[in-house]
Amino acid sequence: MISSVGSILVAHHLPPQQADDILHSTPNLDHEYGPIAGAPAFTSKAAELILGGPDSPAIKEKRITSAQTISGTGAVHLGALFLAKFFPGTKKVYLSNPTWANHNQIFTNVGIPIAQYPYFHKETKRLDFDGLKSALLAADDRSIILLHPCAHNPTGVDPTLDQWKEIAVIMRQKNHFPFFDCAYQGFASGDLLQDNAAIRYFVDQGFELVVAQSFAKNFGLYGERVGCFHVVTSPAADATAVIGRVSSQLAILQRSEISNPPLYGARIAATVLNDPALFAEWQDNLRTMSGRIISMRKALRQKLEELGTPGTWNHVTDQIGMFSFTGLSEPQVLRLRADFHIYMTKNGRISMAGLNTRNVEYVAKAFDKVVREVQ
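Residues numbered from 1 in each chain as written. Predicted model: local features only at pLDDT ≥ 70, side-chain atom pairs only at ≥ 80, totals over all residues. Heavy atoms only, no water.

Enquirer: For the sheet that holds strand E3 (residues 114-118), give the residues involved together with the corresponding values.
Expert: The seven strands lie next to each other as E1-E9-E8-E7-E6-E2-E3, forming an open sheet whose pairing is mixed. Strand pairing shows two members of the sheet lacking a second neighbour, strand E1 (64-70) and E3, which therefore form its edges. Within this sheet the neighbouring strands show an average axis-to-axis angle of 25°, counted without direction. Pairing between strand E7 (residues 177-182) and strand E8 (residues 209-214): four bridges, direction parallel. Bridging across to E8, Phe179 finds its partner in Val210. Where helix H3 (residues 40-51) meets the sheet, its contacts fall on E1, E7, E8 and strand E9 (226-232), and the angle it forms with E9 comes to roughly 70°. (Pairing = 2+ DSSP bridges. Helix = DSSP H or I, 4+ residues; strand = E, 2+ residues; numbered from the N terminus. Axes fitted to C-alpha atoms, helices over the stretch in contact; angles between N-to-C directions. Contact = heavy atoms within 4.5 Å.)

This is the structure:
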């Protein structure tokens, strides 16, 4: 599935590849250790990207610190480790049901207990917003709430901005701590600002929060493991001093974990993020890629409805991002695998990036057959 995305990226010779050429032609680059917190040319721009630019109040007021990590996974781990050692509230993290499977292992490994909040309504295949709100209200005060700001993995179901505002009200009422895990900025809607709107809103409301940020998908740097972890403190007279202490503790944790983050992938990302022409071209590429996925969603839904496939299929286009929770059962998924060589996870999550104009009709007809024949 990823290879189908990769082939398109190669064909367009994306800005990360142009950045690679620039790095190869830069004679003074070396392979010495970088800073423990990562390359400032990367981490500063990563912060601007996730918070909406240099005018973010957290950046202007110098109450954010950032550390380069081993992709988004490393960012979630560093955040979990930091909270396990220093979080003064209820050391329990609430994860959406379902969530990215690795979340469970990461928090368990650092000794933070896990709870769940309802997220996906299986019957409607939409957000279980009432269940979500009830769970956040019932959670112990000052709990850690892990949130997907865009392109929720694995469901592809995102709250609207108005729903995010309701979530923020409850979070404030219960004094909960937001932990955003953002792996798909720009890959959901194609708009960087739309995809980070939830994070920007929480920052604007003065929340203390953390963000795990991945550059695997939106830069195509899967194997280079490029990520960033950000801590934002609340507005206060001592905010700068607090963030300084946080930065120091993150550096201590980072030193014992990986010593220094790798340079190459971060240099590629930094080259694009700091070059206005490359950055603009990268944004255009994101719009192209997200637009292609959206068009495949429309095509799959249209084919299924033309076939009269039992059930409703509007959820295919209502969802967003790389993945779709199809609603197919495990026996149906296994039948697709065995008879049609169509592969997805057993819970029915399919990578929409694997669809194209040549195979979408085949996939729709296979779905139609297994839905009719397998319960």
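Enquirer: Can you break down helix H6 (residues 101-109) residue by residue, with the values?
Expert: Along H6, the residues that are buried comprise His103, Ile106 and Phe107. What you see down the axis of H6 is that its buried residues fit within an arc of 90°, all on one side. Along H6, exposed side chains directed more than 90 degrees from the buried face belong to Ala101 and Asn109. Elements in contact with the buried residues of H6: helix H5 (71-86), strand E2 (93-97), E3, strand E6 (144-147) and E7. Just past H6, the residue Gly111 takes up positive phi, approximately 85°. (Buried < 20%, exposed > 50% of the residue type's maximum accessible area, 1.4 Å probe, protein only. Arc of directions from axis to C-beta.)

Enquirer: I'd like a description of the pattern of salt bridges, backed by residues and values.
Expert: Per the stated rule, a full pass over the model turns up 13 salt bridges. Where Asp318 meets Arg126, a salt bridge forms, and the shortest distance between an N and an O atom there is 3.4 Å. One end of the pair, Asp318, is in helix H15 (residues 315-318); the other, Arg126, is in strand E5 (residues 126-127), and 192 residues separate them in sequence. We classify Arg126 as partly exposed; its relative accessible area is 44%. Overlapping salt bridges bring together Arg335, Asp339, Lys369 and Glu373 as one network. (Salt bridge = Lys/Arg side-chain N within 4 Å of Asp/Glu carboxyl O.)

Enquirer: Quick one: what's the story with the environment of Gln332, residue by residue and with numbers?
Expert: Here Gln332 shows up in helix H16 (residues 330-340). Relative accessible area serves as the criterion here: at 8%, Gln332 is assigned to the buried category. When the C-alpha atoms of Gln332 and Glu373 are compared, they prove to be 8.7 Å apart, with 41 residues separating the residues in sequence. Once you skip the residues sitting within four places of it in the chain, Gln332 turns out to touch Val370, Val371, Val374 and Gln375. Engagement of the side chain of Gln332 in a polar contact is seen with the backbone nitrogen of Ser329, the distance being 2.9 Å. (Polar contact = N/O pair within 3.5 Å; in protein donor to acceptor, adjacent residues only side chain to side chain.)

Enquirer: Quick one: what's the story with the packing of aromatic side chains, residue by residue and with numbers?
Expert: Overall, the coordinates contain 17 aromatic pairs when judged by the stated rule. Geometrically, the ring pair formed by Phe82 and Phe86 is tilted, given 5.3 Å between the ring centres and 45° between the ring planes. Remark: Phe86 and Phe82 occur in helix H5; sequence separation between them is four residues, near one turn of the helix. On the basis of relative accessible area, Phe82 is assigned to the buried category, the value being 9%. Assessed through its relative accessible area of 35%, Phe86 is described here as partly exposed. Measuring from centroid to centroid gives 4.8 Å for Phe202 and Phe207, while their planes differ by 40°, and the two rings are tilted. Phe207 sits in the buried class, given a relative accessible area of 4%. Sitting above the plane of the Phe207 ring, Arg172 keeps its charged end 4.1 Å from the centroid. The residue whose ring lies beneath Arg349 is Phe323, and the NZ or CZ to ring-centre distance is 3.8 Å. (Phe/Tyr/Trp six-rings, centres within 6.5 Å; stacked < 30°, edge-to-face > 60°. Lys NZ or Arg CZ within 6 Å of the ring centre and 35° of its normal.)

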